[in-house]
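What follows is each chain in one-letter form.
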Amino acid sequence: MNHRENIRNIAIIAHVDHGKTTLVDQLLRQSGTFRSNEHIEERAMDSGDIERERGITILAKNTAIQYKDTKINILDTPGHADFGGEVERILKMVDGVLLVVDAYEGCMPQTRFVLKKALEQNLTPIVVVNKIDRDFARPAEVIDEVLELFIELDANDEQLEFPVIYASAINGTASKDPEQQDESMEALYETILDFIPAPIDNREEPLQFQVSLLDYNDYVGRIGIGRVFRGTMKVGQHVAVLKQDGTTKQFRVTKMFGFLGLKKIEIEEAFAGDLIAVSGMEDIDVGDTICPVEHQEALPILHIDEPTLQMTF
Ligand code: GDP
């Protein structure tokens, strides 16, 4: 089987404040995905613009990092239990996760919640013990706590072999050794490349794309974000949309976007393994499968959270 060795798709999961945003900023900076004259206007995953669309709250932010020859797509996840469906949908788009845990605080309620979701999706997290620079950091104990949590959550043997990286996202350092930090995050990039499987390349097969998140902008309207699970998708292509209620529609793909840094970049085609955004159909919904009109095969149903009427952030 062929794999797309130059792509990795990962999600980042953590208890709030354990350093996801800082870590992704640092990975972006060190990879040089930002041009040197490009200022990071806002923090990568914390822009705070909460978009609501038909009761579905989009908190996820997509980032793509170019490291050496590989594009690493990173999807942020909400840690809060109200967004369990969204976390699950994000985890279905990726082949690996980074579990970030504060080296002083250790495992917290949201650590448990998001780890449970990742283990259920059969993913083996790379555990990042972050804030190793903190006074009273206690990495050895925190790793024991993490292991304990894996066991409580019924991790399988493979999952219990999780790799560990000790890091200080704020200082931009990382290492496999809790006693000694290296002056870059190379250990983390390399662990991502080595440990997380590259997507399968089956671009010759019939297209299957699934909408996992929705976005909107005034220029192109409603945007479906998801993964190409199989085949190839092109701008201008006439496709069928299989809805979760069993109905079918057809539309023409007008625009497609890939991600680079914090931006969406217009693209002409995408292949199995790519995470992309698609526009052209106004009433696209989470869970929709996009496929060729002549080869209609739906992907499994996705879970959508009940709309939450009152939320505090
Ligand atoms: P998020 O909620 O997981 O996205 O966490 P943030 O990235 O916003 O970080 C929460 C707080 O922890 C901020 O004040 C960061 O500056 C701080 N922080 C993040 N990484 C580190 C680190 O490696 N060391 C220390 N000492 N503080 C950090």
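Residues numbered from 1 in each chain as written. Predicted model: local features only at pLDDT ≥ 70, side-chain atom pairs only at ≥ 80, totals over all residues. Heavy atoms only, no water.

## Remarks on helix H4 (residues 139-152)
For step 1, the next point in the chain: Here H4 spans 20 Å end to end across 14 residues, near enough to the 20 Å set by a 1.5 Å rise per residue.
For step 2, the next point in the chain: Along H4, the positions that sit buried rather than exposed are Pro139, Val142, Ile143, Val146, Leu149 and Phe150. The buried residues of H4 all sit within an arc of 120° when viewed along its axis, so they share a single face. Away from its buried face by more than 90 degrees, H4 exposes Ala140 and Asp144.
For step 3, the next point in the chain: Along its buried surface, H4 packs onto strand S6 (96-102), helix H3 (109-120), strand S7 (126-130) and strand S8 (164-168). (Helix = DSSP H or I, 4+ residues; strand = E, 2+ residues; numbered from the N terminus. Expected span 1.5 Å × (residues − 1). Buried < 20%, exposed > 50% of the residue type's maximum accessible area, 1.4 Å probe, protein only. Arc of directions from axis to C-beta. Contact = heavy atoms within 4.5 Å.)

## Quick look at the packing of H3 against H4
Each packed pair of helices is defined by two parameters, the angle between the axes and the distance between the axes.
For step 1, the next point in the chain: Interhelical geometry of H3 versus H4 gives an angle of 55° and a closest axis separation of 10 Å. The angle between H3 and H4 falls in the class oblique. Judged by the sense of rotation from one axis to the other, the crossing of H3 with H4 is right-handed. For the pair H3 and H4, contact is made by Thr111, Arg112, Leu115 and Leu119 and by Leu149, Phe150 and Glu152, respectively.
For step 2, the next point in the chain: In terms of residue class, the contact of H3 with H4 is built from four nonpolar, one polar and two charged. (Axes fitted to C-alpha atoms, helices over the stretch in contact; angles between N-to-C directions. Parallel < 35°, antiparallel > 145°, perpendicular 65-115°, else oblique. Left-handed = near helix turned anticlockwise from the far one by under 90°. Nonpolar A, V, L, I, M, F, W, Y, C, P; charged D, E, K, R; others polar.)

## Looking at unusual backbone geometry
For step 1, the next point in the chain: With a phi close to 75°, Asp17 is a non-glycine residue in the positive phi region.
For step 2, the next point in the chain: Topologically, Asp17 is positioned in the loop between strand S1 (7-14) and helix H1 (20-31).
For step 3, the next point in the chain: Look at Asp154: it is not a glycine, yet its phi comes out positive at around 65°.
For step 4, the next point in the chain: Within the fold, Asp154 resides in the loop between H4 and S8.
For step 5, the next point in the chain: With relative accessibility at 67%, the residue Asp154 sits in the exposed group.

These values are about where atoms sit, not about what they do.
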